[in-house]
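Commentary on secondary and tertiary structure
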Amino acid sequence: MTVSARPLTGKARVAGLIGWPVSHSRSPRLHGYWLAEHGIDGAYVPLPVQPENLERALRGLTAAGLAGVNVTIPHKQSVLALCDKVDDVARRIGAANVLIFEDGRIGATNTDSYGFMENLKAAAPAWSATAPAVLLGAGGGARAVAVGLLDAGVPELRLINRSRARAEQLAADIGGPITVVAWEERSTALAGAGLLANSTSLGMSGQPPLELPLDDLPGTAVVCDLVYSPLETALLKAARARGAVGVDGLGMLLHQARPCFAVWFGPDPAVTDTLRRFVLADD
Ligand SMILES: NC(=O)c1ccc[n+]([C@@H]2O[C@H](COP(=O)([O-])OP(=O)(O)OC[C@H]3O[C@@H](n4cnc5c(N)ncnc54)[C@H](OP(=O)(O)O)[C@@H]3O)[C@@H](O)[C@H]2O)c1
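In what follows, the accompanying structure is described. All residue numbers refer to positions counted from 1 along the written sequence of the respective chain. This being a predicted model, a pLDDT of at least 70 is required before a residue's local features are given, and a value of 80 or more before pairs of side-chain atoms are given or counted; all residues contribute to the totals for chains, interfaces and linings. Note that water and hydrogens are dropped before the side-chain values are worked out from all heavy atoms of the structure.

What about the overall build of the protein?
Helix and strand assignments follow DSSP, with helices taken as H or I runs no shorter than four residues and strands as E runs no shorter than two, numbered in order from the N terminus. Regarding its fold elements, the protein presents 9 helices and 12 strands. Taken against the 2.2 N^0.38 rule, which gives 19 Å for 283 residues, the C-alpha radius of gyration of the protein at 19 Å falls within 12% of a compact globule. Expressed as lengths along the three principal axes of its C-alpha atoms, the size of the protein is roughly 60 × 40 × 35 Å. Here the protein holds 283 residues, and the buried ones make up 52% of them. The contact criterion used throughout is that any non-hydrogen atoms of two residues lie within 4.5 Å. If you take every contact in the protein between residues at least 6 apart in sequence, the share linking residues at least 24 apart comes to 68%. Accessible surface is estimated by sampling points in the Shrake-Rupley manner with a 1.4 Å probe; for residues, cover comes only from the protein chains shown. For the protein, the exposed area adds up to about 12800 Å²; of that, 53% sits on carbon and sulfur atoms. Each radius of gyration is computed over the set of C-alpha atoms, and the globule rule expresses the reference value as 2.2 Å times the number of residues to the power 0.38. Three labels apply to residues, based on accessible area from a 1.4 Å probe with only protein chains included: buried if under 20% of the type maximum, exposed if over 50%, partly exposed otherwise in between.

So, the nonpolar core
Residues grouped as a nonpolar core are buried Ala, Val, Leu, Ile, Met, Phe, Trp, Tyr and Cys residues, joined through side-chain atoms within 4.5 Å. Ranked by internal contacts, the top residues of the largest apolar core, which has 34 residues, are Phe 116, Leu 120, Trp 127 and Leu 149. At the level of secondary structure, the elements contributing two or more residues to this core comprise helix H4 (112-123), strand E7 (133-136), helix H5 (140-152), strand E8 (157-160), helix H6 (164-174), strand E9 (178-181), strand E10 (195-198) and strand E11 (222-225). No other element matches the 7 residues that H5 contributes to this core. The residues touching Leu 120, leaving out its near neighbours within four places in the chain, are Pro 125, Trp 127, Leu 149, Leu 195, Val 222, Cys 224 and Val 247. Core analysis: the next-biggest nonpolar cluster, separate from the first, contains 22 residues, Tyr 44, Leu 254, Phe 265 and Leu 275 among them.

Some thoughts on the packing of helix H1 (residues 27-37) against helix H9 (residues 273-280)
To define axes, lines are fitted to C-alpha atoms, for helices over the stretch in contact only, and angles between the resulting N-to-C directions are given on a 0 to 180 degree scale. Across the interface, H1 lies against H9 with an axial gap of 9 Å and an inter-helix angle of 135°. By the angle between their axes, H1 is oblique relative to H9. The interaxial crossing formed by H1 with H9 has right-handed handedness. Contact residues: H1 offers Arg 29, Leu 30, Tyr 33 and Trp 34, while H9 offers Thr 274, Leu 275, Phe 278 and Val 279. Of the residues in the contact of H1 with H9, the class split is 6 nonpolar, 1 polar and 1 charged. Should an angle fall under 35 degrees it is taken as roughly parallel, and over 145 as roughly antiparallel, whereas 65 to 115 is taken as roughly perpendicular and any remaining angle as oblique. Less than a right angle of anticlockwise turn of the near helix away from the far helix marks a crossing as left-handed, whereas a clockwise turn marks it as right-handed. Residue polarity follows a fixed list, in which Ala, Val, Leu, Ile, Met, Phe, Trp, Tyr, Cys and Pro are nonpolar, Asp, Glu, Lys and Arg are charged, and the others, Gly among them, are polar.

Let's talk about the packing of aromatic side chains
Working definition: a ring pair exists when centres of Phe, Tyr or Trp rings (six-membered ring for Trp) sit within 6.5 Å. Plane angles under 30 degrees give stacked, over 60 give edge-to-face, the rest tilted. Inspection of the entire model under this criterion finds 4 aromatic pairs. Ring centres of Tyr 44 and Trp 264 lie 6.2 Å apart, and the angle between their planes is 40°; this geometry places the pair in the tilted category. Of this pair, Tyr 44 sits in strand E2 (residues 42-48) while Trp 264 sits in helix H8 (residues 249-265); the two residues are 220 residues apart in sequence, bridging distant segments of the chain. As far as burial versus exposure is concerned, Tyr 44 and Trp 264 are alike and both buried. By way of ring pairs, the aromatic residues Trp 34, Phe 261 and Phe 265 are connected into one cluster. The side chain of Arg 29 reaches across the aromatic face of Phe 278, ending 4.1 Å from its centre. By definition here, charges over rings are those cases where NZ of Lys or CZ of Arg is within 6 Å of the ring centre and within 35 degrees of the ring normal.

Quick look at the sheet that holds strand E5 (residues 98-102)
A pair of strands is labelled paired if DSSP reports no fewer than 2 bridges between them. Strand order in the open sheet formed by 6 strands is E2-E1-E3-E5-E6-E4, and the pairing between neighbours is mixed. Bordering the open sheet on either side are E2 and strand E4 (85-86), each of which pairs with just one other strand. Its contacts with the sheet put helix H2 (residues 54-63) on strand E1 (13-19), E2, strand E3 (68-71), E5 and strand E6 (105-109), and the angle it makes with E5 is roughly 45°.

Keep in mind that these numbers describe shape and distance, not what the molecule does.
Here's what the structure looks like:
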């Protein structure tokens, strides 16, 4: 499918993505679709910024009047020290994925928790935070998911990571009803859970598979995978084969972008099947 952008004027609003590298990112395609859909005089551009240039790049981008930027690897944590204001959610997660530039000042927030929870609500509307949740991983993605699930009120979050010390650090930083479980016990930890989320990179194209028998997972549980390449991971396939609801990682990526688009360009855009197909396509 095609979407046509309108020509920019001298008043165009400009936002972008800083990271190193950024060439693989789907965000320019995603925001480009919404800009065209809403006929907005604006642009969203990939901005490759090496770590040693981060501070200079931020000063330049704010001085040039950009509306803001998304932040990806490897800058999500290091940007915090360079911002004038870091909101509560970014501070709790310990990373920012969104910067808002206003009057030369830089504000930081994080919409990954929001994106995870909005996608969960859309894809599994019957889920409620009444049973324990199991979370695999303790990296940046896991920190956002943990904040989202704890704020939703899960009674227990079983946190399981290959490096146990990193899981313990996450639990200490974020607080709340987190039980750290050994990586070797990941399968039996599924007993009685209402939700399982994979926020490791296992199962992603080019990475080792996630080895996790689902026999102990209740049939009513919802299974979320943050990995979206491939879209249908082996974990989601196995979960769906057992009759469980599977929630893919693409939806989280799309939903986390909604509040970014709204703050930089105005409208609250919609996440639709057409958008999903457009973002996944390569033409
Ligand atoms: N859908 C979305 O919008 C979205 C958002 C954020 C992230 N993600 C995805 O989530 C995944 C994690 O991203 P991240 O930013 O959290 O990465 P990260 O900070 O680098 O964390 C990677 C995680 O994977 C674990 N891991 C890596 N290799 C492993 C192995 N061989 N065995 C066991 N565990 C292993 C790490 O465990 P150790 O601590 O032991 O190294 C860590 O928990 C990626 O696939 C990313 O694309 C998706």
